[in-house]
Structure formats: C-alpha cells, structure tokens
Amino acid sequence: MNNRFDISCTHFQSCPGCVYPSISKPPEIFLQAQGFFQKIKKGFILPLIQGAPTGWRSRAKLVVRASSNPRAPHIGLFQEGSHEVVEIPLCQVHHPQINEAVKRFQTALQEPLAAPLSFYDEKSGKGDLRYIQCIVERRSGKVSLSFVLNFSINDAMKLQVWKTFCKRLIEQDESYFWHSLWLNFNPLKTNAIFGNEWLKIAGQESLWEQIMGLEIPFGPSHFGQANLDLFERLVQEIGHHVEEESRVVEFYAGMGVIGLTLAKKCASVTISEREMSAEHFFLIAKERLAYITQQKLHFVTGAAENEAKLFEGADICIVDPPRKGLDPAFLQKLCTASSIKKLIYVSCNFASFERDCTQILSTSTFQLLDAKSYLFFPGTNHIETLAIFIKEP
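Think of each chain on its own: its residues are numbered from 1, step by step along the sequence as written. With the structure being a predicted model, the display of local features is reserved for residues of pLDDT at least 70 and the display and counting of side-chain atom pairs for 80 or more, all residues being used for whole-chain, interface and lining totals. Side-chain descriptors were evaluated using all non-hydrogen atoms of the structure, hydrogens and water having been removed beforehand.

> So, the sheet that holds strand β12 (residues 268-273): which residues are in play, and what are the values?
Taking strand neighbours across the sheet as the criterion, the eight strands line up as β1-β16-β17-β15-β14-β11-β12-β13 in an open arrangement whose pairing is mixed. The open sheet has two edge strands with one neighbour each: β1 (48-49) and β13 (297-301). Pairing between strands requires that DSSP locate at least two bridges from one strand to the other. Elements are defined by DSSP. Helices are runs of H or I of four residues or more, strands are runs of E of two residues or more, and each kind is numbered from the N terminus. One ladder, built from five bridges, connects β12 with β13; its direction is parallel. From the neighbouring strand, Val269 faces β13, where its bridge partner is Leu297. Against the sheet, helix α1 (residues 28-40) touches β1, β16 (366-374) and β17 (384-391), its axis set at about 160 degrees to β16. Residue contacts follow a heavy-atom distance rule, with two residues in contact if any of their heavy atoms lie within 4.5 Å. An axis is simply a line fitted to the C-alpha atoms; with a helix, the fit covers only the stretch in contact. Between two such axes, the angle follows the N-to-C directions and lies from 0 to 180 degrees.

Here you go:
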C-alpha cells in the first residue's frame, strides 16, 4: 500500500513532469532556498508547506501532435529539450477528471465525423489542433475544455469543422461532464500556447471556485493556479500580514484574487494587471461583494513598470510576478517608493526571487521579516515562495 507521500505514477520514468516519486523529502530547490534565507537571517528556519501529493492539479495544458494514425494524435507533454510528446493518460498529479476528459476526447475522435480533424505537425507547421487545456471546477467536477487551433478565427471553413465537433461532444454528454467548450486561435509559429482570440462554443463563461469564503470566477483565457488548495493557504497567510485599514496596491495581480480577499479589512485595494481579459473576471467577482467593500476596490489594466504612480498613497505593496521576476524598472521604482512600508512578494521561480530579493535588501531600507515556501507542484523541483519585507521605523 502506498503511503501518504507517494505519487506512484506509472509514467514516472518517461514523463518530464515529475522528478521525484515521493514528497517525503523536500526538493533540492527548497534546500537552496533554506540556505539563502539563513544567510539573510541567521538561524532562520524556512517552513515548507505541503498538500496532497496526487490529484491536486485542476488545470492542465497538454500538447497535441499528429501521429501515424489520423484519428489518434499524441496528447501529453514535451520530453525535456525536444518536441517529442510523452503521453500521460494515467497521470497521478492530475485531478482524475482531467484524465477522464482526455479519454473522452480521444473516444470521440474514433467515431465517424462529418469532416476529418487534423492535428499539428511540428515539422510542416500544418494541422489544426495544437494544444488542449482542461480546467476542473472543483465543486461540480465538470471540465472546461479548450482547443488551441492553428488558424485564424476568420477561417470560416475550418471554424465550422471544429464547431461541429464541439456540438457533437455536447450532444453526447449525457452525464453533463463538460462545463464549457472553447476555441482559441493561434496561427503563429511561436512558443506561446494561446493566441489572443477566444470563442465560447458551449456552456458557462466562468468556473466558480470558493477561496477564503469568496466566490471567484475563472475563465480559460487568463492565468489561474493549478493547485488551488495550497494557493488558498498561501492567500490566508498573506492575510495575516495585512493590517486593518491598510492601503494596498497589488501588481502582477491576474484577476485580483489576493486583493479581493483582503478588501473587506482594508481601507483601499488597487489591483494592477497587464492581461486585458483579467478585469472582466475581477468585475464579476467584485459584484458579489458587499457594496461598502466594492467601493474600496479599483482595477488598473497596464504593465507594472508603467504604473509606478500607484505606489502613491499605498502603504503595503503585493507583487506576484511571472517566472522572470520583477521588471527591472519596476523594481527600481519599488525600492525608492517612500510610502510603501511593507512588501509582500509571492514568487513562482526561486532563481528570479533570489536575484530580486538581493537587490531589494541592498538598494532599499526593506528588511526581511518572514518567509514561507509552498510545494505547489509535488514531484517537481519547484517551490512557491512567500516573503514579507518591512521598513524599520
């Protein structure tokens, strides 16, 4: 019998996703992080917060590539350093409904179709379907499925083929498995998975999740955490470091989940995000809050480095940048922002955090108050870092 730390996945030897078969020992990056923080604060013990080792991933993007069988494309992950697809139908870190969604899609491909579907070929650059994205709504278990297509939304003939296929999936969905079906259009030869154009074919626009007691809508087009259980624990910890009546500004905020959970206790919360679709979902969530809380919330669409004026009047700054870390121009402005007394930094890449943290401590009056790490991706050499900085009075 497996113990509670084992991932025990049959794909472990071939799949590039996991490098550790168990979470009984911390990943190497955690030991590196622990050493870094101990250099900053002698004797500091960095906690590692863990959740379930399996079934935690509620959001997955999977590669689709043509195979020798026109009805059975390869679906999975790229082998590291190549464009060879490793198929992972029994992935143990996936929420079981993601594996079931892939299975149902593959089954539908075996049935007679009015028009044949095509799948992307890496060498020729031809073929329609490049990726699929599956998102599980935890409360219902339903799956939102997105197809990333290698043509423009204006290609009426190809569009009709995929609309017809989606319609068939819905008609055969007697168990109401699908939450929604979406098409995304990305005809560019690029490493970016999604294009800018989306089309909902069926189902609901938003997947609803409850985080810190709030109803939060997520869509397929903007970033969302894959491990929502641990993300909620991180958000709860952030709340402990935000005092009543604080004036908060949050950058790289996505649709503003962190800021939304803080608004009730704060004097004001301003949220900044460059992704154009994020504000739409922020406004949907905001409408469900009490009117007095709504009045405290503001959203600004723009790149962080262009929104330094938002520091004015704020006393707490929250940043949650992408893997590359903080924009250098933004970081410089942050270090000299006189009104900011506390900085809360959420990092998904310890290497960029280490670089930014070193600059923060060497070029500003911020001092490290506390830090925690979170194993958002069990089985990988990856941690999420939460660091709290304050300015000494």
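Back to the text.
> Account for the nonpolar core, with residues named and values stated.
Put simply, a nonpolar core is a bunch of buried Ala, Val, Leu, Ile, Met, Phe, Trp, Tyr and Cys residues held in one set by side-chain atoms that sit within 4.5 Å of each other. Only protein chains enter the area calculation, which uses a 1.4 Å probe; residues under 20% of their type maximum are buried, those over 50% are exposed, and those in between are partly exposed. Ranked by internal contacts, the top residues of the largest apolar core, which has 80 residues, are Ile132, Phe147 and Ile238. Non-local contacts of Ile238, meaning those with residues more than four positions away in its chain, are made with Ile258, Leu262, Ile318, Ile344, Val346 and Leu386. Judged by nonpolar contacts, the second largest core, of 37 residues, contains Phe36, Ala304, Phe330 and Cys357.

> An account of helix α4 (residues 228-240) is needed here, citing residue identities and associated values.
In this model α4 runs 19 Å from its N-terminal to its C-terminal C-alpha over 13 residues, within 8% of the 18 Å that 1.5 Å per residue would give. Leu228, Leu230, Phe231, Leu234, Val235, Glu237, Ile238 and Gly239 are the residues of α4 that are buried. The length a helix should cover is 1.5 Å for every residue beyond the first.

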